[in-house]
Amino acid sequence: MLQTTAYHAPLLEYSKELLHKPATSTIALLPPVVDMSSSRDDVCHAILDAGKEYGFIQVVNHGVPEQAIRDMELVSQEFFQLSAADKEHLYSEDTNKPTRFFSGTTFETGSDKYSMNTLRLAYSFPNGDSSNDWPSSPPRLREVAMKYMELTRGLGMELLQLLCEGLGLRSDYFEGDISRGDAALSLFQYPPSSDPSMTLGLPPHCDRNLITILLPSAVKGLQILYNGDWIDAQSVPNAFIVNFGLQLEVVTNGILKSIEHRVVTNSTVPRLSIGTFIHPTENCLIGPADEFLTEDNPPLYRAMTFGDFKHIYNVIKLGSSLNLTTNLRDIQENI
Ligand code: OGA
Ligand code: NI
């Protein structure tokens, strides 16, 4: 029987050592760059190969016009520069409120505080017209954010289709409820901190959605877990960083992994990033696709609705956070 009470993982196993472990430097560029202007076959292979290894890729020649990206960066900066009084009416700690401004993370992390401000804009279906709830200031925000949302969500859907081709899933697998929950466009600002070694912008986590398209800033901060070390994500100009959410891990029965990442702060400059999150609907039942199940490959995850999944998976289990895939299975076993 599916129990829908929130699963509160014990926070006692909290490992300060891992949480604040500095990043290991690396010569190779991570995430790997995928040039979307290559042949479709090459792009399919590149996404799958790099994605299987790292759970993260960065895409270039992705078709989103540079102007749309610059405009989005500009309105984001303008928004965060508004006075506190001008942003106050948008402030809410109610995680059920689709469009809101808040500080800290949405995950429950005990008493730990994270240094981050977010403007979250919800984009609903069928017609995507939820922008009336979006802030009317700065004046161009609604128009620019809507255009940017449509373009980046389109890119996300294109990447999901390429994944289908590469994985041998029918090409419309990710159309419909599995991708038509409220999408979110989140504008993140990570203020500088007096002690970056102790102040994280975002705790280690895996994204709970299907796929995330992130516009990183020139200011470093995103780190990806690879072989037990935190590696700085470095992006090339105009690239989007794309990562697989936990729902993709479940659908592919673990062929694609949702990899843990965090955001560190620095002591001098604020960092801005912009995320487009594609979500299933709350009632969409998600489990491993039949295509990946055989006698030798039994389902590793249970099917559950996205709503139940989010409810259960709302606590960052910091202590054992080196392997969230195992956590994901443990959590599913506990219900
Ligand atoms: C997230 C996230 C990274 C960033 O919001 O899930 O990982 O660079 N953001 O802001
Ligand atoms: Ni994330």
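The structure we're discussing is the one just above.
Residues numbered from 1 in each chain as written. Chains lettered and ligands numbered in written order. Predicted model: local features only at pLDDT ≥ 70, side-chain atom pairs only at ≥ 80, totals over all residues. Heavy atoms only, no water.

A. Quick look at the pairing of strand β4 (residues 117-123). When you tally the buried positions in β4, you get six out of seven residues, the bulk of the element. Sheet topology note: the strand β3 (residues 100-103)/β4 ladder contains four bridges and is antiparallel. Across the sheet, Arg100 pairs through a bridge with Arg120, a residue of β4. Summarising the sheet, β4 and strand β5 (residues 183-190) pair through seven bridges and their orientation is antiparallel. Looking across to β5, one finds that Ala122 is bridged to Ala184. (Buried < 20%, exposed > 50% of the residue type's maximum accessible area, 1.4 Å probe, protein only. Helix = DSSP H or I, 4+ residues; strand = E, 2+ residues; numbered from the N terminus. Pairing = 2+ DSSP bridges.)

B. Representation of the nonpolar core within the structure. Leu159 and Phe174 are the most contacted members of the largest nonpolar core, which totals 65 residues. Among the elements that take part in this core, helix α5 (residues 141-167) stands out by supplying 14 residues, more than any other. In this view, Leu159 contacts Met36, Ile47, Val59, Ile211, Ile213 and Val242; residues no more than four positions away in its chain are not counted. With 16 residues, the next largest nonpolar core counts Leu30, Ala184, Ala233 and Ile241 among its residues. (Core = buried A, V, L, I, M, F, W, Y, C linked by side-chain atoms within 4.5 Å. Contact = heavy atoms within 4.5 Å.)

C. α5, seen in detail. Spanning 27 residues, α5 covers 38 Å between terminal C-alpha atoms, matching the ideal 39 Å at 1.5 Å per step. Just beyond α5, the residue with positive phi is Gly168, at close to 80°. (Expected span 1.5 Å × (residues − 1).)

D. Quick look at the side chain of Asn253. Tracing the chain through its elements places Asn253 in the loop between α6 (246-251) and β11 (261-264). Looking at Asn253, its side chain comes within polar contact range of the main-chain nitrogen of Leu300, at 2.7 Å. Here Asn253 is in contact with Pro288, Phe292, Leu293, Asn297, Pro298, Pro299, Leu300 and Tyr301, once residues within four sequence places are set aside. (Polar contact = N/O pair within 3.5 Å; in protein donor to acceptor, adjacent residues only side chain to side chain.)

E. Focus on helix α2 (residues 40-54). With 15 residues, α2 extends 21 Å between its outermost C-alpha atoms, agreeing within 8% with the 21 Å of an ideal straight helix rising 1.5 Å per residue. Listing the buried residues of α2 in full gives Val43, Cys44, Ile47, Leu48, Ala50 and Gly51. The inward-facing, buried residues of α2 contact β1 (33-35), β2 (56-60), α5 and β10 (240-244).

F. Examining the sheet that holds strand β9 (residues 229-232) more closely. Strand order in the open sheet formed by four strands is β6-β11-β8-β9, and the pairing between neighbours is antiparallel. Two strands in the sheet have a free side with no partner beyond their single neighbour: β6 (200-205) and β9. Each strand axis lies, on average, 30° off the axis of its neighbour in the sheet, ignoring direction. Across three bridges, β6 lies against β11 in antiparallel orientation. Across the sheet, residue His205 finds its bridge partner in β11, namely His261. (Axes fitted to C-alpha atoms, helices over the stretch in contact; angles between N-to-C directions.)

Any functional reading would require information beyond the geometric quantities listed.
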